[in-house]
Amino acid sequence: FKRSKDEVDGLMELAKQKIARLLEESDLLEKHNVCIRVLGDLNLLSRDVQEAVARTVKLTQKNNKLYLNVCFSYTSRHEITEAIKSLTEGAANGMIYPSDVSDELLERCLYTEDSPPPDLLIRTSGEVRLSDFLLWQSSYSCLCFQNVLWPEFSIWDLFSAVLTYQKNYSAIQEAREHMYTERRKRLHASDRQCVIEQMDDTEKSRINEEEITERVRVYAAEREQRIQSFVDFIRSQRQQFLDFLCPEICI
Amino acid sequence: MPFSLTASKTLAIVVLSLIHSMLWVKTSLIMLYGWLYLLLSSPFKHKGTKTEMIQRDAKQLQKIPLHLAIVISEPQIVYVDLAKMINWAFSLGVQFVSVYDMKGEIKRHINDVKIRVEELYHDNQNFTNQKLIIGSYETVSQSLHSTGNCLIVLSEEDGFSRVIDVATEFCREAVKSTNQSSNIDVSHIDQQLSGSGCILEPNLAIICGNINSLMGYPPWWTRLTEIMWLSSHHKISYQEFLLVIQRYATCQQRFGK
């Protein structure tokens, strides 16, 4: 970490205290069905903080109504890099083909996994930058920069941010739709390319459009299966890490 | 029961519409005030047509962005005004400018942009012997690193897709030889995405238009980018543009991990 040792130690101690405090409220978490996830490079944290994190995550893992993702020891570039590394390992092991790599697949390998992208991003304290936070996920989000300092953030500031979101809603929706359309086009083109590459010259000359479409459909279904198995594998690896840190809680 | 539910829902919608109308009035008043201020102070300030005056302004800035990103979120693009803004940036000392619009309109009109920007650029005596490279991501990342200026034209396909291209390439190499993934780290990917250091990340992004989003501007690059707004690039005045650069010059950045 680029901060001073005192600052880092102070933050770690604060984290441990706050997590302990949070665990005291576990009934409240159960009542409101809150699932807490901690995203980041947990290996950089001290062992006791890692265990506290694992405990919190495992205790709330089954909840599925409200989700709180805490980014701790996190930078977006590192997150994207880790996702790319997993993809590379997957390709080396034959679990996925290099041609399977797509926007969607990479997104599913990020720490945020299958969570929908943020609709609204609020940054407090008057700074007007993202500071390596959810760069990929917030690419099409409504950005709201507010001058208020976080400890003084009130419900009125939240209302103001929601109003900004409402004001920008149709423009941002249109942008997102455009992006998803382009994504689908690229994926379809890639599937089609793969199918054509698999054919030899004699096949290419006598095949008709209908048959190609059918083959592309089959190929796409196979690809989906491959990436689903791969994504499940990544999830299980992450789960194993949590189980290792906190074996006493069983899901 | 159902009647009161519909009534309260209708009331809520009416109140919300009222709040949005008041917000619109407030934004319009602020814009009007800004416009009036610029109009009244314009006899005392120059219009950015003389390079010596611009250079004087540049000397007073504590810092100037090395790379300025202009994100056009408006549907209508006026190339004359865009070219003016780009040249003001170069004259103030910005080395790279990237222009982005999601749907790729600017890319489709790249020749138009080239002609207009080059004309203004070569009018500037200080740039007589300077090189100006204008092109898409591929053109610029393949050109040699020079001391001149550079204008990169970007669109939606330069966002996520570039990162995917890099990831796919790594996967292909990994299939060929099994010892690859340990070499992959943030700086390695950064090298790939910045055309081996030709393209730097933007220090400042100016979003033209009232949309609060980067609209898919290449996400890998926006890590430490200050994000500011201009209500429109249409008929943009030099003073308005300078105000944003001045605001950037006074902001502080702290770097953590």
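About the thresholds
- Residues numbered from 1 in each chain as written.
- Chains lettered and ligands numbered in written order.
- Predicted model: local features only at pLDDT ≥ 70, side-chain atom pairs only at ≥ 80, totals over all residues.
- Heavy atoms only, no water.
- Helix = DSSP H or I, 4+ residues; strand = E, 2+ residues; numbered from the N terminus.
- Expected span 1.5 Å × (residues − 1).
- Buried < 20%, exposed > 50% of the residue type's maximum accessible area, 1.4 Å probe, protein only.
- Contact = heavy atoms within 4.5 Å.
- Axes fitted to C-alpha atoms, helices over the stretch in contact; angles between N-to-C directions.
- Parallel < 35°, antiparallel > 145°, perpendicular 65-115°, else oblique.
- Nonpolar A, V, L, I, M, F, W, Y, C, P; charged D, E, K, R; others polar.
- Salt bridge = Lys/Arg side-chain N within 4 Å of Asp/Glu carboxyl O.
- Buried area = accessible area lost by both parts, 1.4 Å probe.
- Polar contact = N/O pair within 3.5 Å; in protein donor to acceptor, adjacent residues only side chain to side chain.

Trainee: What am I meant to see in helix α7 (residues 160–176) of chain B here?
Mentor: Each α-helix turn comprises 3.6 residues. Residues three or four places apart therefore point the same way. Its 17 residues give α7 of chain B an end-to-end C-alpha distance of 25 Å, which sits within 8% of 24 Å, the value for a rise of 1.5 Å per residue. Listed as buried for α7 of chain B are Phe160, Ser161, Arg162, Val163, Ile164, Val166, Ala167, Thr168, Phe170, Cys171 and Ala174 of chain B. Elements in contact with the buried residues of α7 of chain B: α4 (76–92), α5 (103–109) and α6 (155–198) of chain A together with α6 (137–142) and α8 (186–193) of chain B.

Trainee: Looking at this structure, I do not really get the side chain of Thr56 of chain A. What am I missing?
Mentor: All names here are of chain A. Inspection of the secondary structure assignment puts Thr56 in helix α3 (residues 47–60). Overall, the relative accessible area of 3% leaves Thr56 in the buried class. What Thr56 contacts, discounting residues up to four positions off in sequence, is Ile19, Leu22, Leu23 and Ile36.

Trainee: Would you take a moment to explain the packing of α4 of chain A against α8 of chain B for this structure?
Mentor: How two helices pack is summed up by the angle between their axes together with the distance between the axes. The geometry of α4 of chain A relative to α8 of chain B is characterised by a closest axis approach of 9 Å and an angle of 90 degrees between their N-to-C directions. Here α4 of chain A lies roughly perpendicular to α8 of chain B, going by the angle between them. The segment α4 of chain A lies against α8 of chain B, with Arg77, His78, Thr81 and Ile84 of chain A engaging Val186, Ile189 and Asp190 of chain B. Considering only residue class, the contact of α4 of chain A with α8 of chain B consists of 3 nonpolar, 2 polar and 2 charged.

Trainee: Just checking my understanding: could you explain the pattern of salt bridges for this structure?
Mentor: Throughout the structure, instances matching the rule amount to 40 salt bridges over all chains. Close ionic contact of Arg129 of chain A with Glu226 of chain B constitutes a salt bridge, the shortest N to O distance being 2.6 Å. Pair noted here: Arg129 of chain A is in the loop between β3 (120–123) and β4 (142–145) and Glu226 of chain B is in strand β6 (residues 226–230), and the two residues belong to different chains. Within the structure, one salt-bridge network assembled from shared partners comprises Arg37, Arg108, Glu113, Asp114, Arg235 and Arg238 of chain A.

Trainee: Where do I start with the interface of chain A and chain B in this structure?
Mentor: A common way to report how large an interface is uses the accessible area buried once the components associate. Each partner contributes residues to the interface: chain A has 50 residues there, and chain B has 54 residues. With both sides pooled, the region where chain A packs onto chain B buries about 4700 Å², and carbon together with sulfur makes up 65% of that total. Sorting the residues of chain A by area buried against chain B places Arg77, Val128 and Arg129 of chain A first, and these three jointly supply 16% of that buried surface. There are 5 salt bridges connecting chain A and chain B. Taking the shortest distance from any N to any O, the salt bridge between Glu174 of chain A and Lys103 of chain B comes out at 3.0 Å. The tally of links between chain A and chain B comes to 14 residue pairs in polar contact (both at pLDDT 80 or more). If you list the elements that add at least two residues to the side of chain A that touches chain B, you get α4, α5, β4 and α6 of chain A. Grouping the amino acids of the side of chain A that touches chain B by side-chain chemistry returns 23 nonpolar, 12 polar and 15 charged.

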